[in-house]
Amino acid sequence: SLRMANPVLLAALLVSTLHQASSQTGTIRFANYYGSHMVLQRAPKSAIVWGYIPVCERVVVQFDEKSLADAKLIPGTSECQWKSVLPPTDGDGKAHVITASSTNYGKVSISDVLFGDVWICGGQSNMVFTVPQVYNSSEEIQKAADYPNIRLFTVQRVTSATPLDEPPVILQQWSVASPESVNGGAWGYFSAVCWFFGRDIYDTYKVPLGLLSSNWGGTRVEAWSSPDALKKCATSDHRNEKVSVTAPNPNDPSVLWNSMMHPFIQMTIFGAIWYQGEANAGNPALYNCTFPVMINDWRQKWYETTGQTDMQFPFGFVQLAANGNNNVSVDGFPGIRWSQTASYGYVPNPAMPNVFMAVAMDLGDPQGNIHPRDKQDVGLRLSLAAQAIAYGDKDVYYTGPIINKLSLSNNGNDESMQSIINFKNTSNNGLNNGVIELRSLYGFEVGCVQGSVTHYLEGIAKDSKENNVLVSFPHCPKGYKPDSIRYAWRDN
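Quick caveat, the model's predicted, so the values are computed rather than measured.

Re the overall build of the chain
Then, number 1: What the chain contains, in helices and strands, is nine helices and 22 strands.
Then, number 2: For 492 residues, the compact-globule formula gives about 23 Å, and the C-alpha radius of gyration of the chain, at 25 Å, lands near that figure.
Then, number 3: Taken over the C-alpha atoms alone, the chain extends approximately 90 × 50 × 40 Å along its principal axes.
Then, number 4: Across the 492 residues of the chain, 54% fall into the buried class.
Then, number 5: At a minimum sequence separation of 6, the contacts of the chain that also span at least 24 residues come to 72%.
Then, number 6: As displayed, the chain has an accessible area near 21100 Å², and 50% of this comes from carbon and sulfur atoms.
Then, number 7: The distance from the centre of the 36 positive side-chain charges to the centre of the 42 negative ones in the chain is 3 Å.

Things to note about the confidence of the model for the chain
Then, number 1: On average, residues of the chain score 91 in pLDDT, and 90% of them are at 70 or above.
Then, number 2: The low-confidence segment residues 1-24, where pLDDT is below 50, has 24 contacts with residues more than four positions distant or belonging to other chains.

Brief notes about the state of the cysteines
Then, number 1: The tally for this structure, following the rule as stated, stands at four disulfides.
Then, number 2: Two residues, Cys 56 and Cys 80, share a disulfide whose sulfurs are 2.0 Å apart. Taking the sign of the S-S torsion, about 90° here, the bridge from Cys 56 to Cys 80 comes out right-handed. Linking Cys 56 in the loop between strand S3 (48-53) and strand S4 (60-63) with Cys 80 in strand S7 (residues 80-85), this pair joins segments that are 24 residues apart in sequence.
Then, number 3: Its relative accessible area of 32% is what places Cys 56 among the partly exposed residues.
Then, number 4: Across the disulfide, Cys 448 is cross-linked to Cys 476 (sulfur-sulfur distance 2.1 Å).

Details of empty space enclosed by the protein
Then, number 1: Evaluation of the coordinates by the stated rule reveals two cavities of 30 Å³ or more.
Then, number 2: Classifying every residue of the lining of the largest cavity gives seven nonpolar, three polar and one charged.
Then, number 3: Here the second largest cavity is characterised by a volume of approximately 30 Å³.
Then, number 4: Residue lining of the second largest cavity: Met 127, Val 128, Thr 154, Arg 157, Gly 188, Tyr 189, Phe 190, Ser 191, Ser 213 and Asn 215, and that is the complete set.

Some points on the side chain of Ser 175
Then, number 1: The topology assignment puts Ser 175 in strand S11 (residues 170-176).
Then, number 2: Polar contacts involving the side chain of Ser 175 include one to the main-chain carbonyl oxygen of Gln 173, which spans 2.7 Å.
Then, number 3: Ser 175 has contacts with Ile 150, Arg 151, Leu 152 and Ser 181, leaving out every residue within four places of it along the chain.

Re the nonpolar core
Then, number 1: Grouped together as the largest cluster of nonpolar side chains are 112 residues, with contacts concentrated most on Leu 40, Trp 195, Trp 298 and Phe 315.
Then, number 2: In this structure Leu 40 touches Tyr 34, Ala 47, Ile 48, Val 49, Leu 86, Ile 98, Val 113, Leu 114, Phe 115, Gly 116, Val 118 and Met 267, once residues within four positions along its chain are discounted.
Then, number 3: Ile 421, Cys 448, Ala 461 and Val 471 belong to the second-largest nonpolar core, a separate cluster that totals 14 residues.

About the cut-offs
- Residues numbered from 1 in each chain as written.
- Predicted model: local features only at pLDDT ≥ 70, side-chain atom pairs only at ≥ 80, totals over all residues.
- Heavy atoms only, no water.
- Helix = DSSP H or I, 4+ residues; strand = E, 2+ residues; numbered from the N terminus.
- Rg over C-alpha atoms; globule rule 2.2 N^0.38 Å.
- Buried < 20%, exposed > 50% of the residue type's maximum accessible area, 1.4 Å probe, protein only.
- Contact = heavy atoms within 4.5 Å.
- Areas by Shrake-Rupley, 256 points an atom, 1.4 Å probe, with all protein chains shown as cover.
- Lys, Arg positive; Asp, Glu negative; His and termini not counted.
- Charge placed at Lys NZ, Arg CZ, Asp CG, Glu CD.
- pLDDT = per-residue confidence, 0-100.
- Disulfide = S-S within 2.5 Å.
- 1 Å grid on protein atoms, 1.4 Å probe; cavity = no way out; pocket = protein on both sides within 12 Å on 5 of 7 lines; lining within 4 Å.
- Points joined across faces, edges and corners; volume = space filled by probe spheres on them.
- Nonpolar A, V, L, I, M, F, W, Y, C, P; charged D, E, K, R; others polar.
- Polar contact = N/O pair within 3.5 Å; in protein donor to acceptor, adjacent residues only side chain to side chain.
- Core = buried A, V, L, I, M, F, W, Y, C linked by side-chain atoms within 4.5 Å.

Now the structure itself:
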């Protein structure tokens, strides 16, 4: 709400106003999301800087006082856009100064610019959820002082009916990580999942990181998807025909893509992480299309616009955490968790290449709140998966056991069936010798099918041997045949 973040919002509006004033007074400027203390993408990629000048004329970009080739000029309706590709620069922690100047419209500089990896952090409220709201928040806030090479940026929540090149309002301009910059209040800044993910990546590689947080609570994936992406899915949502030009609803199709994601496709990035899906729990079948298509569309647009961002840049997401205190309900989050993986149950997979995931079902809130406070473990799990998938560290154990194959047969009598479920990815670097640890006898169900009807019957795990689990199931009702086995298909 406006009252909740009033001081910060006023500061952000002031920042935006200052940028607008620069063009009105006839001076050259950077795009409003470029600023001192930011991180630009390191080598081998080339970072891009761009901005505006009132009238197209020669723009010289200097990188640490070394003049580069003249910036490319793109005429516009009210201003001329300039753009420059910087030389590939190592992420060694050295601070740089970048200056843009012209003969008639002055010059502008940004300083203390680091090169490293730039990560976009998007989604809904569990990604908005801030560091001051987590367990041990006071201690976590103070630790931020140890990470000056992590830089933070937060977009203010604004909608738009049309794609924008700059975010209309910035909640938090580029800031050096500190107790102050991670402590912008509940639901303000900084995103806890984004922070803990980045902090662990930094601890691992000691490379500067730029974390750009752009998210909005309660929003659907359709709002974050471009019209191009939505056309590829058989959506019955035609609200895009009714989008208000002056005040779109944040759940209208594409309105957050337009205002909170599209502006950044001119910036070279390394990857993105995502925590969303709760708002789409009512239609998991559609999410099975919209989510992977959104990922691919983001990749295509970043690659086509920058020519630098990888066309298959790494994309990580959080599989939804436990919700509520009902361990019987199967209609809420289970379907979305499955659809988050494009019905494979794991990532990466053929439909979602170079995608990584953090499982969070065991990290739900003890009181059943939809916003669990343990974001440290979520960030850690995302980081481990990113180390393996995004950074190519193949020795990192990050997935947990994954089903490899199974068998189902009569158990020597007419009362039950027995399944031997074989798992892969069971060895945590040899720490558990590849042995499955059976902590509960329950959670496995067999699907019994007759035509288009499926009934699920609960089984009981009898034993675990090495990487196999033995489960006993009752026979399917007369006329039904066993078709599938599922595990932990519950909200909580």
